[in-house]
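Topology and contacts: notes
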Amino acid sequence: MRIDRASGRGAAVLVAAATLAGVVAIARPLSAVDALLVVTVVGLAVAGLHELVTTRSARDRLVGALLVAAAVVLAVRPVWGVRALVTALGVVLISEGLLAVHRRRSWWDAAWGTGLVLLGLLALAWPDISVFVLGVLLGVRLVLVGFPGLARALPRPVAATLVLVTALALCGYTVVITSTSPEPGRFYTAPADTPRSPGLLLRAEPFTTDVPTGARAWRVLYSTTRAGDEPTIASAVVAVPDDQLMSRTPVIAWAHGTTGLESRCAPSLRQRNTVGAGGIAAVHAALDRGWAVVAPDYPGLGTGGVQPYLIGSGEARSVLDAVRAARRIPQLNLGRRTVVWGHSQGGHAALWTAMTQPDYAPDVALSGVAAVSPVSNPTTFLRDLQRRPVGTIFVAYALAAYEATYDDVDVDDHVRASAQLPIDRIASRCLRSKVSRVSLTQAQVMADRFVAGSLYDGALARRLSENDATGAITSPLLIAQGERDRVVTLRLQDDYVRDRCAAGQSLDYRTYAGRGHGDLLREESPFVDELLDWTADRFSSKPTTTTC
């Protein structure tokens, strides 16, 4: 009797523990995958050692040695283990589905099997999502340990129908969100030998996609340099009022905000809102004023390679070299007066353009620089955003760009193994694409739990701080900030401006009540007219004011 009672109590404790673990796994699927990976590594090691110790067969000893070796490899490179588990999930689903279709005792066997096969294929096609699914499935399985009747509560025909309909819906959704992404054409292909001299015009062709009325535009390919003086190429759009083609009109160099890292994320590949992407109202108003606009994509957008995301020298050089290349378009005669505008990431690029220009491009004299909601300090920007879902996307971009640019930065040092697949895939998606909704959902599930240790230690922290916009700027400088900005917050910008003023930098700092990150440059914003007037004053060489 006591034994039975003890067994009953033990079973109850086991059920409660399994249920609690299952609920935690469902709520935190990455933690569940981490635990599953540990169990896998330990299981492989134990099985391998058992074979080595208990058997005399050479074949079994070899199997044991391979199992131990696999455990060691997965312990050293756990991300490989995560990939293996995700692949196993897809293979198991496909295998179970094919077996069900082969049995085909009833229509629901065929429906069930077909649904499983499709889900298995989706698991292989979307490994970053499969990581979360794997963790949730583990949690559900643990819950069912204590409540096995739940699995039998749903009639088999209903379950089969749900699986098939879900699989078909997910397949359809996959087709819709992945079939509309623009792809760069031959125009963006690098020449056989990349010129080492920056600012050369390599190609130019008329550009007509959503060009404002009264303007003509060209798409250009030009030479520039990355951080570390590595030669590369980049693309840009150059737009000029029809009646100013040969009039030595002043130039606005427009540095756009974050669009993504992949080549297909280039603003020049868009079908609408192309000229001045991210600042349409202000840029089109600049054309109405009779000014030319040079809008670089940045290297890696449109062209090959990785974009220098929040890497100041790479961004700045591409802006300066775009202006140089635009001056070489045969149909144009652009003036020498140039003002740089930049928003968000482009604000970071604008600040760095002003810092870089005197030594790198003294032939591109700047009449002024306007940085709108600039990412003036990448470290504080990423740290501040990391706690919010959208911040995970920006962090993923920065990690990928910094790892590709700096030999001493390794993403593995900063991202937990179970999160590396999602982080890699997030970095591969454009910010405004349909598939970016998947990234945002993943970011909401992960929150800031994707980090292993800290993002702000070691080489990554050092490289981020190197890209703070703290160099001397001799050009007239305007910084504009929305007071309701939740991406680059007012507090961060206030701190940056205070530090720059204390360092002796002259600047004009303006804040706008009720304005957020994306609407400071919209048509109804009071800042647009102020920006145009400030720029006109710079082209007229009028005295500047400072708020320091």
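Quick look at the structure, then. (Residues numbered from 1 in each chain as written. Predicted model: local features only at pLDDT ≥ 70, side-chain atom pairs only at ≥ 80, totals over all residues. Heavy atoms only, no water.)

1. Notes on the pairing of strand S7 (residues 366-372)
- Within S7, seven of the seven residues are buried, which leaves it mostly tucked inside the rest of the structure.
- Looking at chain direction, strand S6 (residues 338-343) and S7 are connected through six bridges and run parallel. The residue of S7 that forms the bridge with Val-340 is Val-369.
- Considered for its hand, the β-α-β crossover made up of S6, helix H11 (residues 345-360) and S7 is right-handed.
- Examined bridge by bridge, S7 and strand S8 (residues 477-482) share four bridges and lie parallel to one another. Across the sheet, the residue bridging to Val-372 is Ala-480, located in S8. (Buried < 20%, exposed > 50% of the residue type's maximum accessible area, 1.4 Å probe, protein only. Helix = DSSP H or I, 4+ residues; strand = E, 2+ residues; numbered from the N terminus. Pairing = 2+ DSSP bridges. Right-handed = clockwise from strand over helix to strand, strands pointing away.)

2. Some points on the state of the cysteines
- On inspection of all chains with the given rule, the structure shows two disulfides.
- Between the sulfur atoms of Cys-265 and its disulfide partner Cys-430 the distance amounts to 2.1 Å. One disulfide, between Cys-265 and Cys-430, carries an S-S torsion of -90° and so falls in the left-handed class. Placement of the pair is Cys-265 in the loop between strand S4 (251-255) and helix H9 (280-288) and Cys-430 in the loop between helix H14 (417-427) and helix H15 (436-446), with a sequence separation of 165 residues.
- Since its relative accessible area comes to 12%, Cys-430 is described here as buried.
- There is a disulfide in this structure between Cys-501 and Cys-548, and the S-S distance comes to 1.9 Å. On the sign convention where negative means left-handed, the S-S torsion of about -65° between Cys-501 and Cys-548 marks this disulfide as left-handed. Taken together, the residues span a long stretch of sequence, with Cys-501 in helix H17 (residues 490-502) and Cys-548 in the segment after helix H18 (526-539) at a distance of 47 residues.
- Judged by its relative accessible area of 22%, Cys-501 falls in the partly exposed class. (Disulfide = S-S within 2.5 Å.)

3. Structural notes on the environment of Arg-491
- The topology assignment puts Arg-491 in helix H17.
- Judged by its relative accessible area of 47%, Arg-491 falls in the partly exposed class.
- In sequence terms Arg-491 and Ala-227 are 264 residues apart; their C-alpha atoms lie 30 Å from each other.

4. Digging into the sheet that holds strand S2 (residues 215-225)
- Pairing in this open sheet of nine strands is mixed, and the strands run S1-S2-S3-S5-S4-S6-S7-S8-S9 from one edge to the other. Every interior strand has two partners, whereas the edge strands, strand S1 (201-207) and strand S9 (508-512), have only one. Within the sheet, the average angular offset between the axes of one strand and its neighbour, ignoring direction, is 20°.
- Strand contacts of helix H10 (residues 312-326): S1, S2, strand S3 (231-241), S4, strand S5 (292-296) and S6, with the helix running at about 125° to S2, the strand carrying the most contacts.
- Lying on the sheet, H17 is in contact with S8 and S9; it crosses S8 at an angle near 155°. (Axes fitted to C-alpha atoms, helices over the stretch in contact; angles between N-to-C directions. Contact = heavy atoms within 4.5 Å.)

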